[in-house]
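Per-entry structural report
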Amino acid sequence: MEKEPRHWVEILSDRIVAEKEEPYIITSGITTSGSLHVGTLCEFLFSSAIERYLKDKGYQTEFHFIADIYDAFDAVPINLMKYEKQLTPHLGKPLCNVPDPEGCHESYGEHFFSEAIDVMKILEVSPKLERANQLYSEGRFDSLAKFFLKNHEEAKKAVSESSLKQELPAEWNASMPVCQNCGRIATTVVTEFDENSYSYKDTRDVGYTKGCGYEGENKLSEHKYKLTWRLHWPSWMEVFHTSVEGAGVDHHTRGGSWDTALAVYKDLFKKEPPIGYKFGFILLKGKKYSKSKGIGLGVTDILDLIPPELIKYTLFRPDIQENKDIDPTGYNLMRAFDDYAYASRIDISGKEVSRADRKKAIAFSLSTDRMKWKASFADLLMYKQLYGDWRKVGELLQDSEGVEYLKPYVEKWIAEEFAPEEYVFSFQPTKQSDMALVKEFAGRLQDAMKAIEIHNLVFEFAREKGVKPEDLFMQLYRVLLNKEKGPRMGKLIEAIGVNRVRRTIEGM
Ligand SMILES: [Zn+2]
Ligand SMILES: [Zn+2]
């Protein structure tokens, strides 16, 4: 079979246009139970790419991003351990009712949602922001909750079958009451219910916290409940009339929550479900990012090291289900910059382009409106090491605007010691004991020579003299940089200045 030539966003968009009606509604969401992790980027970047693509094609779209801050606060994250004493009493409460330990937002859930919003701004993602607690308190889930309570047995069956569980606990209920006494949502159990109201007791022990023992009752219309996750997800898609929503591969396993969403649509709502898609994990050098295990970098680290458009390109180029490696170190980042520059020059209108190039070009078009720099990353780095002064680097590379834009990333990158060893150097003319060969080579350099000509000259000259090119390279690096390795020699001599190199060596 011929390989699919289309980019994943084309495949998905074609399907959306064929199966759904305008405006196309794209939804996604996160539970802001702590600081963002790199994987969170997927939750809004892929949806924003789909929206951008559909919009560019002239379709009407809406993108709703839901903060699931009505979820239970179930653990004090490692980086907040200094607040452990003040946070622990709030375990089991909805995140929107836990105080913000830093004191700058209405709640714990809001605090971390605002972190996510800041990251979205940097990545130029601007969905309509929704909050689960508000949606519930506005009664947007009431008719669905009523429906699940009324059809309790069917709902229970759909959840248990789709999650491959033979039997759900006897006390299973679609709704999770918030205890009116202590405010916990994780520990309550519904004891009796009809389609409009329920009684509950707050008696469960969930390991990280225990119920207070209170018994109470509420009407759905009082909005003191949340739907259990497996029903909450299809319900929010129903609330927004979602056309398409993605989730990580972990939700798309057999018996996973996407299977329940499909079962709820088919067996209970008796409707066509939204189109689902799954995305792979984000890896660092093949390992899953995990702050708690000390693998990888935080989102802010990544944003300080890699320009937003390059992050997007890196995530958008591969097939969506694949795991993606974001590696901001050494030659891997330099190659990513080169690949991005290459992608920016591919023209897919009309003439034949390869499948790989087509995907690159589309990923590029989803990443930015325009290329913000002209200079290559390797040149930028080399000129920075040679000249120090960014203004001078911008002038020499004839790309002042681009250099200004990339400057903070390169500085951070150098400070983090992510530059490959060949690019950690300065111009340090150093006399060696035997200068004869290098001096003769310098005599062959002509002012007008370009990098490639200089590069070729090294090989020609080495052959002529019967020495190995590697040996000549090493001697030149020693003389120019006082090191045995460096950037490509042709580029390096061009960057230092051919005339300056010749005079320096001849004067030794
Ligand atoms: Zn805050
Ligand atoms: Zn309670």
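Residues numbered from 1 in each chain as written. Chains lettered and ligands numbered in written order. Predicted model: local features only at pLDDT ≥ 70, side-chain atom pairs only at ≥ 80, totals over all residues. Heavy atoms only, no water.

1. Overview of the nonpolar core
Operational definition: Each nonpolar core is a collection of buried residues, namely Ala, Val, Leu, Ile, Met, Phe, Trp, Tyr and Cys, held together in the definition by side-chain atoms within 4.5 Å. Relative accessibility thresholds used throughout: buried, under 20% of the residue-type maximum; exposed, over 50%; partly exposed, between the two (1.4 Å probe, protein chains only). The numbering of helices and of strands both runs from the N terminus, where a helix is a DSSP run of H or I of at least 4 residues and a strand a run of E of at least 2.
Grouped together as the largest cluster of nonpolar side chains are 157 residues, with contacts concentrated most on L41, F44, F148, L480 and L492. No other element matches the nine residues that helix 2 (residues 40-56) contributes to this core.

2. Observations regarding the pattern of salt bridges
A pair can form between side chains of opposite charge whenever their charged atoms are brought close. Spelled out, the test is: In the sections that follow, a salt bridge refers to a side-chain nitrogen of Lys or Arg positioned within 4 Å of a carboxyl oxygen of Asp or Glu.
The full count for this structure, using the stated rule, is 27 salt bridges. Note that R358 is salt-bridged to E10, the shortest N-O span being 2.6 Å. Taken together, the residues R358 in helix 13 (residues 355-367) and E10 in helix 1 (residues 8-19) connect sequence positions 348 residues apart. Residue class for R358 comes out partly exposed when judged on its relative accessible area of 23%. Classification of E10 as buried rests on a relative accessible area of 6%. Measuring nitrogen to oxygen at the nearest pair gives 3.4 Å for the salt bridge that ties K491 to D379. With K491 in helix 20 (residues 489-496) and D379 in helix 14 (residues 377-387), the pair connects residues that are 112 residues apart, well separated along the chain.

3. A short note on the sheet that holds strand 9 (residues 244-248)
Within a sheet, each strand pairs with its neighbour through backbone hydrogen bonds, oriented either parallel or antiparallel. Quick reminder of the rule: A pair of strands is labelled paired if DSSP reports no fewer than 2 bridges between them. Only C-alpha atoms enter the line fits that serve as axes; for helices the fit covers just the stretch in contact. Angles between N-to-C directions range over 0 to 180 degrees.
Pairing in this open sheet of five strands is parallel, and the strands run 3-2-1-9-10 from one edge to the other. Where the open sheet ends on each side, the last strands, each with one partner, are strand 3 (128-131) and strand 10 (275-279). Direction aside, neighbouring strands of the sheet carry axes that sit 25 degrees apart on average. Direction of pairing for strand 2 (residues 61-67) relative to strand 3: parallel, over a ladder of four bridges. Across the sheet, residue H64 finds its bridge partner in strand 3, namely K128.

4. Observations concerning the packing of aromatic side chains
Here is the rule: Any Phe, Tyr or Trp ring, taking Trp's six-membered ring, that has another such ring centre within 6.5 Å forms a pair; planes under 30 degrees apart are called stacked, those over 60 apart edge-to-face, and the others tilted.
Considering all chains together, one arrives at 34 aromatic pairs under this definition. Summarising the aromatic geometry, the rings of Y24 and Y59 are spaced 5.5 Å apart at their centres and angled 70 degrees between planes, so their arrangement reads as edge-to-face. Taken as a pair, Y24 in strand 1 (residues 24-30) and Y59 in the loop between helix 2 and strand 2 lie far apart in primary sequence, 35 residues in all. Take Y24: its relative accessible area is 3%, and that puts it in the buried class. In this structure Y59 comes out as partly exposed when scored by relative accessible area, which is 27%. Through a chain of ring-to-ring contacts, the aromatic side chains of Y313, F337, Y340, F364, W373, F377, Y405, Y409 and W413 assemble into a single cluster.

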